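# Observations on the three-dimensional arrangement
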Amino acid sequence: MEWLDNICSGLDWVAVESAQGENKSYNFEHVTFEITLKGESKRMYQICGMVALGENELVEIHAFEVRGTVSQFTEPQAQDLWCSLCIGTQRGEGDLPLGDRLSSMILALRNDRKLAKSIPLLEMFLAHDSEEHQWISGYFSTGISLDDDEHEVYAQIPIEIRNLSHHFACIEDELQGSAYSLEERQNLIDDEMRAISQEIRERKQVQE
């Protein structure tokens, strides 16, 4: 992590923090890390994970988590404004050293508008603003996840966001019993995400 921190130290849009792991269930030394960066869209991103020192390199203990938020905040918030983004390294990159994969992810998220062209869930994340984003706990390959643990909270979520969540749930249910392959199913969901993201942007332009 020191190597990665040295790479990022000259950049004002990214910061790396690490600490000795406190999880007692591991009987070896491990480190937790958190990389925070600002994309060109002004959205903020975090990459969090846990690593241990192997024979020749850092070893990833769990798949690292990517989170995003609409804008940078400096004051304490009443609620957690970060949401999960189901984004990972491309197929075949899992064999690369962890530092290389993290560096690639950092640079890709920095250019998030370009990255969104190949990742529909990120495109939808960028289409939403703070009023919508505050109700969404995650963007996944199958749609969005809402903060609906409590009925009272769920009732406060705007009907447009609830309908969007229900819409993707219905699509997923319909595809479960279809003859489409997994790749074809994902392509259909991706196309729907792109279409809805475009609708969201067009609606906001009209409102402006």
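Throughout what follows, the structure given in this document is the object of discussion. Note that the structure is predicted; figures quoted are calculated from it, not measured.

Attention now goes to the pattern of salt bridges. With the rule as written, the count across this model stands at five salt bridges. Between R201 and E123 there is a salt bridge, with its nearest N and O atoms 3.5 Å apart. Placement of the pair is R201 in helix α8 (residues 182-207) and E123 in helix α4 (residues 120-127), with a sequence separation of 78 residues. Judged by relative accessible area, R201 falls into the partly exposed class, the value being 29%. The class of E123 is buried, set by a relative accessible area of 14%. The partner of R203 in a salt bridge is E132, with the nearest N and O atoms 3.6 Å apart. Within this pair, whereas R203 is found in helix α8, its partner E132 is found in helix α5 (residues 130-133), the two being separated by 71 residues in sequence. What makes R203 partly exposed here is its relative accessible area of 36%. When salt bridges with common partners are traced through the structure, they connect D129, E132, R203 and K204 into a single cluster.

About the cut-offs
Residues numbered from 1 in each chain as written. Predicted model: local features only at pLDDT ≥ 70, side-chain atom pairs only at ≥ 80, totals over all residues. Heavy atoms only, no water. Salt bridge = Lys/Arg side-chain N within 4 Å of Asp/Glu carboxyl O. Helix = DSSP H or I, 4+ residues; strand = E, 2+ residues; numbered from the N terminus. Buried < 20%, exposed > 50% of the residue type's maximum accessible area, 1.4 Å probe, protein only.

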